[in-house]
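For reference, the chains in residue letters:
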Amino acid sequence: MTQASGSPRVRFAPSPTGSLHVGGARTALYNLLFARHEKGTFLLRIEDTDVERSREELSAQILSAMEWLGLEYDEGPFYQSKRQELYRAAAEKLLTDGKAYRAFETPEELDVDRKKAEAAGRAYRYSGAGRAISPEESARRARAGERHVVRLKMPAETIVVQDLIRGRVEFPPEALDDFVLVRSDGHPLYHFCVCVDDTEMRITHVIRGDDHLANTPKHVALFQALGAPVPEFAHLGMILGTDRKKLSKRHGAAAVEEWRDAGILPETLFNFLALLGWAPGEDREILSREEMEREFTLDRVGASPSVFDPEKLLWMNAQYIARMPAEELLARATAFAPGGVPEKSAALRAVELHRTRARTTVEMARALSAYARDPEDYDPDGMKKQVKADTPAHLERLLARLEEQEDWSAAVLEAALRQTAESLGVSAGRLIHPVRLALTGVTVGAPLFDVVALLGKETASRRLRRFLEAIRPHTPA
RNA sequence: GGCCCCAUCGUCUAGUGGUUAGGACACGGCUCUUUCAAGGCCGCGGCACGGGUUCGAGUCCCGUUGGGGCCGCCA
């Protein structure tokens, strides 16, 4: 039995164990894209059943990362920790229906069995001893306060999962055992909560990571025991680090927040993640949110895992930076500018000058700050290479000439410098490179005359003078 | 170990039995140029292997190898 037609309902169900990982973000994103494409509903559910590990601050972090990325949900967030009554009732019903039973072994006893199986080289499975206890005795022992868990009676038949991405997958019964639904302290466990919630929330499609594929037969059996429709499944390939291992903190920058702080635009990360496992065809890579929603379908999602490549992310971010309106780009970069930014109109011009040179908003911010603050030091290699014995004299001449200029425009400045170079009998480069060093502290950057014009006469002159002071003692008189 | 999934350039991918196997990132070269970028042009580079099926396999089937996942009173 599967869900009948109608508007699809999907969900993203992270456990609040820290920050939002890019793998989780991609899963959420595919759910969202699927929901939008199908005109369905996307909900968020926080799986905080593990009371020892979950904390509210941790889910707040996930919520804010989702908001930043543009992962907006239609319903929720729902917290499993607040739905305990639902699980208790469902467990009770499974028990009365004979679909589940109480088991009275202690964790220690189970551990012994597990060790034994391991030593014998067999796969461990629960003995099923609890199945033999009559309902009457079971209830009596429970009433007497004997500690017990609740286990599902797994059917002794092959469970078939029809996966939208992987096709038909079969799980033989000997691989499955009667897993625990409710702990002896009364807390419901993950698999159980998932199925109860998916049923109650009328989820039609479960789109999640590949790591859950092996859990799916448990879920199918549980849905059936619950008398609930079995949703469709779509299992996504994992996202791997460059070493082809599942992406984790170990790889660095596995969290959405880290990319945000590194100056990656949310639009970029959204686009990039969407393409990790899905392609719209026709070799298109830079896609608007609207295009993605319009074209996203599960049948174009690949089954194989994919490596997260930061280099390509950076390239894509540069593409977004190149296209973004200056005003908006300035606003985004300003948040990262430690040394402040110049006044608005100058800042806007600076943004245009540097947009092809910045791959992140952090880099853009650094470029902007350079206009607002005089350089603190000069690149040593540049000094060595560009500052010659006659450089101070050249720069004195140039400075005098520049200060005469009324019209402080790039074209006029360039003409002035080239004429100065000519009268000095040196190439323009002999002046250009030291001047860049004087004004910015480094040897690379935007076209020099634009930089000089943007800085303005006062700032440019001041920086040139300071540079002259800095180089004089080091050059022979 | 058992069960399950995956396999096209280094990376992301297009490809659904007949293609010179296409694009993008990265890399190399050229170009533009005051530097660095960006851009443009060119290049390097791939169907993991072995069997089938077929007139014909990157595409279908089986196996091998490699990688990954799951086997908790974690999620």
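The following refers to the structure shown. Remember, predicted model here, so these are calculated numbers, not experimental data.

1. Some remarks on the protein's contact with RNA strand B
Ser-15, Arg-166, Gly-277, Thr-356 and Arg-357 are the nearest of the 65 residues found near RNA strand B. Of everything in RNA strand B that lies within 4 Å of the protein, sugar and phosphate atoms constitute 72%. Within the contact set of RNA strand B, a phosphate oxygen lies 3.0 Å away from a backbone nitrogen or oxygen of Tyr-190. In this structure, Ser-306 approaches RNA strand B through a side-chain N or O atom, which is 3.3 Å from a phosphate oxygen. At the level of elements, α4 (107-119), β5 (149-152), β7 (167-171), α6 (190-200), β12 (306-307), α11 (310-323), α18 (429-440) and α19 (448-471) are the ones that each hand at least two residues to the surface near RNA strand B. A total of 4 residues in the surface near RNA strand B trace back to one element, the largest contributor, which is α11.

2. A look at helix α16 (residues 391-404)
An α-helix turns once every 3.6 residues. As a result, residues three or four positions apart point the same way. Here α16 is 14 residues long and its end C-alpha atoms lie 20 Å apart, about the 20 Å a rise of 1.5 Å per residue gives. Of all the residues in α16, the buried ones are Thr-391, Pro-392, His-394, Leu-395, Leu-398, Leu-399 and Leu-402. An end-on view of α16 places all buried positions within 150 degrees of arc, on one side of the element.

3. Some points on the environment of Gln-80
As for its placement among the helices and strands, Gln-80 is situated in the loop between β3 (75-79) and α3 (84-96). Residue Gln-80 is classed as buried on the basis of its relative accessible area of 0%. The spatial distance from the C-alpha of Gln-80 to the C-alpha of Asp-48 is 5.7 Å, given a sequence separation of 32 residues. Residues in contact with Gln-80, not counting those within four places in the same chain, are Arg-45, Ile-46, Glu-47, Asp-48, Thr-49, Tyr-87, Cys-193, Val-194 and Asp-197. Within polar-contact distance, the side chain of Gln-80 engages the side chain of Glu-47 at 3.1 Å.

4. Some words on the packing of α16 against α19
Orientation of α16 relative to α19, taken along the N-to-C sense of each, is 165 degrees, at an axis distance of 11 Å. As far as their axial angle goes, α19 and α16 are roughly antiparallel. Considering the relative orientation of α16 and α19, their crossing is left-handed. Here α16 contributes Thr-391, Pro-392, Leu-395, Glu-396, Leu-399, Leu-402 and Glu-403 to the contact with α19, which in turn contributes Lys-457, Ser-461, Leu-464, Arg-465, Phe-467, Leu-468 and Ile-471. A breakdown of the residues in the contact of α16 with α19 according to their chemical character gives 8 nonpolar, 2 polar and 4 charged.

5. As for the pairing of strand β2 (residues 41-46)
Most of β2 sits inside the fold, with 6 of its 6 residues counted as buried. Of the two faces of β2, the one carrying Thr-41, Leu-43 and Arg-45 and the one carrying Phe-42, Leu-44 and Ile-46 are both buried. As defined by bridge partners, strand β1 (residues 9-12) adjoins β2 across 4 bridges and the pair is classed as parallel. Within the sheet, the bridge partner assigned to Arg-11 lies in β2 and is Leu-43. Pairing analysis gives 3 bridges linking β2 to β3, with the strands arranged parallel. Bridged to Arg-45 within β3 is Phe-78.

6. Some details on the nonpolar core
Nonpolar side chains in soluble globular proteins tend to be buried together. In this structure, Leu-273, Trp-278, Phe-308 and Phe-467 are the most contacted members of the largest nonpolar core, which totals 102 residues. With 12 residues, the top contributor of residues to this core is α19. Beyond its immediate stretch of four places on either side in the chain, Trp-278 contacts Tyr-30, Leu-287, Met-292, Glu-295, Phe-296, Thr-297, Arg-300 and Val-301. Core analysis: the second largest hydrophobic core is formed by 34 residues, Val-169, Ile-203, Val-206 and Ala-228 among them.

7. Details of unusual backbone geometry
With an omega of 0 degrees, the peptide bond between Gly-76 and Pro-77 qualifies as cis. Residue position: Pro-77 is located in strand β3. A positive phi angle, close to 60 degrees, is found at Glu-282, a residue other than glycine. By relative accessible area, Glu-282 is classed as exposed at 69%.

8. Quick word on the state of the cysteines
In the structure shown here, the tally under the stated rule is 0 disulfides. Cys-195 takes part in no disulfide bond, and the closest cysteine sulfur to it belongs to Cys-193, at a distance of 9.6 Å.

9. Remarks on the sheet that holds strand β8 (residues 180-182)
Strand pairing within a sheet occurs via backbone hydrogen bonds; the two strands may be parallel or antiparallel. Spatially, the 3 strands line up as an open sheet ordered β4-β5-β8, and their pairing is antiparallel. The open sheet has two edge strands, β4 (100-103) and β8, and neither has a second partner. Averaged over all pairs of adjacent strands, the angle between strand axes in this sheet comes to 45 degrees, irrespective of strand direction. Pairing of β4 with β5, which is carried by 4 bridges, proceeds in the antiparallel orientation. Each residue of the ladder has a partner; that of Arg-102, found in β5, is Val-150.

Thresholds applied
Residues numbered from 1 in each chain as written. Chains lettered and ligands numbered in written order. Predicted model: local features only at pLDDT ≥ 70, side-chain atom pairs only at ≥ 80, totals over all residues. Heavy atoms only, no water. Near = heavy atom within 4 Å. Polar contact = N/O pair within 3.5 Å; in protein donor to acceptor, adjacent residues only side chain to side chain. Helix = DSSP H or I, 4+ residues; strand = E, 2+ residues; numbered from the N terminus. Expected span 1.5 Å × (residues − 1). Buried < 20%, exposed > 50% of the residue type's maximum accessible area, 1.4 Å probe, protein only. Arc of directions from axis to C-beta. Contact = heavy atoms within 4.5 Å. Axes fitted to C-alpha atoms, helices over the stretch in contact; angles between N-to-C directions. Parallel < 35°, antiparallel > 145°, perpendicular 65-115°, else oblique. Left-handed = near helix turned anticlockwise from the far one by under 90°. Nonpolar A, V, L, I, M, F, W, Y, C, P; charged D, E, K, R; others polar. Pairing = 2+ DSSP bridges. Core = buried A, V, L, I, M, F, W, Y, C linked by side-chain atoms within 4.5 Å. Disulfide = S-S within 2.5 Å.

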